[in-house]
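Next come the chains, spelled out residue by residue.
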Amino acid sequence: MMMTPEPSGAIPDRAIYDRRESAVRSYARSMPRQFGRAEGVWMHDDQGGRYLDFLSGCSTLNYGHNHPILKQALLDYIDADGIAHGLDLHTDAKRDFLSAFETLILKPRALDYRVMFTGPTGTNAVEAAIKLARKVTGREMVIAFTNGFHGMTLGALACTGNAAKRGGAGVPLAHVAHEPYDGYYGPGVDTADLLEQRLADPSSGLDAPAAILVETVQGEGGLNAASPAWLRRIAAIAKAHGALLIVDDIQAGCGRTGRFFSFEEMGFTPDIVTLAKSLSGMGLPFALTLLRPELDQWSPGEHNGTFRGNNHAFVTATAALRHFWSDDAFQRDIRRRGDLLEARLARIAAEHGFEVRGRGMMRGVNVGSGELAAAVTTACFDAGLIIETSGARDEVIKVLAPLVIDDAILAAGLDILETRIRDAMAADYAVAAE
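What counts, and at which threshold
Residues numbered from 1 in each chain as written. Predicted model: local features only at pLDDT ≥ 70, side-chain atom pairs only at ≥ 80, totals over all residues. Heavy atoms only, no water. Pairing = 2+ DSSP bridges. Helix = DSSP H or I, 4+ residues; strand = E, 2+ residues; numbered from the N terminus. Axes fitted to C-alpha atoms, helices over the stretch in contact; angles between N-to-C directions. Expected span 1.5 Å × (residues − 1). Buried < 20%, exposed > 50% of the residue type's maximum accessible area, 1.4 Å probe, protein only. Arc of directions from axis to C-beta. Contact = heavy atoms within 4.5 Å. Polar contact = N/O pair within 3.5 Å; in protein donor to acceptor, adjacent residues only side chain to side chain. Core = buried A, V, L, I, M, F, W, Y, C linked by side-chain atoms within 4.5 Å. Phe/Tyr/Trp six-rings, centres within 6.5 Å; stacked < 30°, edge-to-face > 60°. Parallel < 35°, antiparallel > 145°, perpendicular 65-115°, else oblique. Left-handed = near helix turned anticlockwise from the far one by under 90°. Salt bridge = Lys/Arg side-chain N within 4 Å of Asp/Glu carboxyl O.

**Student:** Any chance you could explain the sheet that holds strand β16 (residues 388-390) here in plain terms?
**Tutor:** Hydrogen bonds between backbone atoms are what pair the strands of a sheet, whose relative direction is either parallel or antiparallel. Taken in spatial order, the 4 strands make up an open sheet running β13-β14-β17-β16, and their pairing is antiparallel. The strands lining the two open edges of the sheet, one partner per strand, are β13 (355-359) and β16. The average angle at which neighbouring strand axes cross in this sheet is 35 degrees, direction not considered. Here 3 bridges tie β16 to strand β17 (residues 396-399), and the two strands are oriented antiparallel to one another.

**Student:** How should I be thinking about helix α13 (residues 370-382) in this particular structure?
**Tutor:** Three- or four-residue spacings in an α-helix give side chains the same orientation, since the helix completes a turn every 3.6 residues. Spanning 13 residues, α13 covers 18 Å between terminal C-alpha atoms, matching the ideal 18 Å at 1.5 Å per step. Taken as a whole, α13 has its buried residues at G370, L372, A373, V376, T377, C380 and F381. Directly after α13, the chain includes G384, whose backbone phi takes a positive value near 100 degrees.

**Student:** Teacher, can you tell me more about unusual backbone geometry here?
**Tutor:** Peptide bonds are trans in most cases, and residues, glycine excluded, mostly fall at negative phi. The residue S59 is not glycine, and still its phi comes out positive at about 75 degrees. By the element assignment, S59 lies in helix α3 (residues 56-59). According to the relative accessible area criterion, S59 is buried, its value standing at 1%. If you check the backbone angles, N147 has positive phi at about 70 degrees while not being a glycine. Looking at the secondary structure, you find N147 in the loop between β5 (141-145) and α7 (154-158).

**Student:** Help me out: how do you make sense of helix α9 (residues 191-200) in this one?
**Tutor:** Those residues of α9 lying buried are T191, A192, L195 and L199. Taken end-on, α9 shows its buried residues confined to a sector of 110 degrees, consistent with a single buried face. On its buried face, α9 is in contact with β5, β6 (176-179), β7 (209-214) and α10 (228-240). The N-cap of α9, judged by a side-chain oxygen 2.9 Å from the amide nitrogen of A192 a few residues on, is D190.

**Student:** Explanation requested: the sheet that holds strand β3 (residues 50-53) in the structure shown.
**Tutor:** The strand order across the open sheet built from 4 strands is β1-β2-β3-β15, with neighbouring strands paired in mixed fashion. For this open sheet the edge positions go to β1 (35-39) and β15 (385-386), each flanked by a neighbour on one side alone. Alignment of β3 against β15, held across 2 bridges, turns out to be parallel. Each bridged residue has a counterpart across the sheet, and for L52 the counterpart in β15 is L385.

**Student:** Just checking my understanding: could you explain the nonpolar core for this structure?
**Tutor:** Generally speaking, nonpolar side chains in soluble globular proteins are found buried as a group. In this structure, F54, F101, I212, F260, F261 and L417 are the most contacted members of the largest nonpolar core, which totals 90 residues. Per-element accounting of this core gives the leading share, 8 residues, to helix α11 (residues 311-324). Listed in part, the 29 residues of the second largest apolar core include L132, L157, C159 and L173.

**Student:** Whenever I open this one, the packing of aromatic side chains confuses me. Can you help?
**Tutor:** The geometry of an aromatic ring pair is captured by the separation of the ring centres together with the interplanar angle, meaning the angle of the planes. On inspection of all chains with the given rule, the structure shows 22 aromatic pairs. Judged by centre distance (6.1 Å) and plane angle (15 degrees), the rings of F97 and F314 are stacked. Here F97, found in helix α5 (residues 92-106), pairs with F314, found in helix α11; they are 217 residues apart in sequence, far enough to count as distant. With respect to class, F97 is no different from F314; both count as buried. With centroids separated by 6.2 Å and ring planes inclined at 45 degrees, the aromatic side chains of F263 and F268 adopt a geometry described as tilted. Assessed through its relative accessible area of 3%, F263 is described here as buried.

**Student:** Would you mind showing me how to read the environment of V126 here?
**Tutor:** Along the chain, the position of V126 falls in helix α6 (residues 122-137). Residue classification places V126 among the buried positions, given a relative accessible area of 1%. C-alpha of V126 to C-alpha of Q72: the two residues are 54 residues apart in sequence and 31 Å apart in space. Non-local contacts of V126, meaning those with residues more than four positions away in its chain, are made with H150, A156, L213, D248, I250 and T274.

**Student:** When you look at the packing of α5 against α11 in this model, what are you seeing that I'm missing?
**Tutor:** Helix packing for two helices is described by the angle between their axes and how far apart those axes are. Packing of α5 against α11 leaves a shortest axis separation of 8 Å and a crossing angle of 30 degrees. Taken together, the axes of α5 and α11 are roughly parallel relative to one another. Pair α5 / α11 crosses with left-handed handedness. Between α5, through A93, K94, D96, F97, A100, F101, L104 and I105, and α11, the contact on the second element is made entirely by N311, F314, V315, A317, T318, L321 and R322.

**Student:** Could you clarify how one ought to interpret the pattern of salt bridges in this entry?
**Tutor:** Once the charged atoms of two side chains with opposite charge are near each other, the side chains can pair. The tally for this structure, following the rule as stated, stands at 29 salt bridges. Note that R95 and D92 form a salt bridge whose closest N and O atoms lie 3.8 Å from each other. Within this pair, R95 and its partner D92 are both found in helix α5, separated by 3 residues, close to a single helical turn. Of the residues examined, R95 reaches a relative accessible area of 48% and is grouped as partly exposed. Notably, a salt bridge pairs R259 with E265, separated by 2.9 Å at the nearest N-O pair.

The following block contains the structure:
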């Protein structure tokens, strides 16, 4: 018998959070429950409620919660008193990860990257990438794109477009130019042409860039998916103008768009790639910056971080690579399931004149209004479905279900979404008719 969501009805005591936790918390406000256990695609609260997870830790849990093979690898390692923290010392766990990453990911894709272990989060990987690009090129300017999101530390935040996030910096966010992403002005304007024109014009005011930083699918920016042709143009422009091409694959990578890297088979190879989120496979903090060998111009210790050696994450990441990426069966299944998701969302969108966004298992519905999207996601949570929004005005309802989700359970979650969108639209119509 297939499990279904069984949400609890009562909001738990939140006094300790209200008293002690910073007001900066956000997800807990829209999902007010006390969670204590999770497995696979399900999260459980302390009142016996069961919730279907279409958020996956913002694509941090591509393999679901506590995958048994990954969990057992970590338990065995801890039981054997394996090294937990090792700075950048050589360890068995790091060797095993590097070997698996080289054998299962890099070599089959004919990629030759050095692996830089940064601090443990995605923003650390982005900071390292732009810092290295500036060091190698001797330039300061970075070109990023409208609606891009790259992190909350100052360098990555400068490359982020969202005004609310940028507003928290408290200092000027300089040395970054935000150029229009693919489709920003609609289908009739090629924004790659605009960028080329700006860079070629010595009077445009745009300084020669150290790097061009791009997401192939803008996760937080509204699931805008760039076309392969546009991305190839951006890669060619970067090369022609002496800039390094950085692909931020923190949310779109590790299988989320159908292949391990989101740029695979698009006809270009980035100079630098950032990875994090689902890299550890278990939700353990782990980030990497991948760089072409000739770019590895760091002096020892020039860029470091206390937690760049998370050996527990190495262990679960290695287990994930060996289990899911030893052949192409998993990625073929992701692409098949992504097609199912696209078709179902297209049906939902067509009923109301909405638009489907994204690629692979990173898709959503643009409902045109942040208020409507919030009403739908709140109603979904009340029905036991955890789902969030994205976009400049939070107008896109975003499906980030675990990549391992069963087809029938995926369909059941989409049933909830479809019903709650229909209910919200009917309520809007009733209000408008009064």
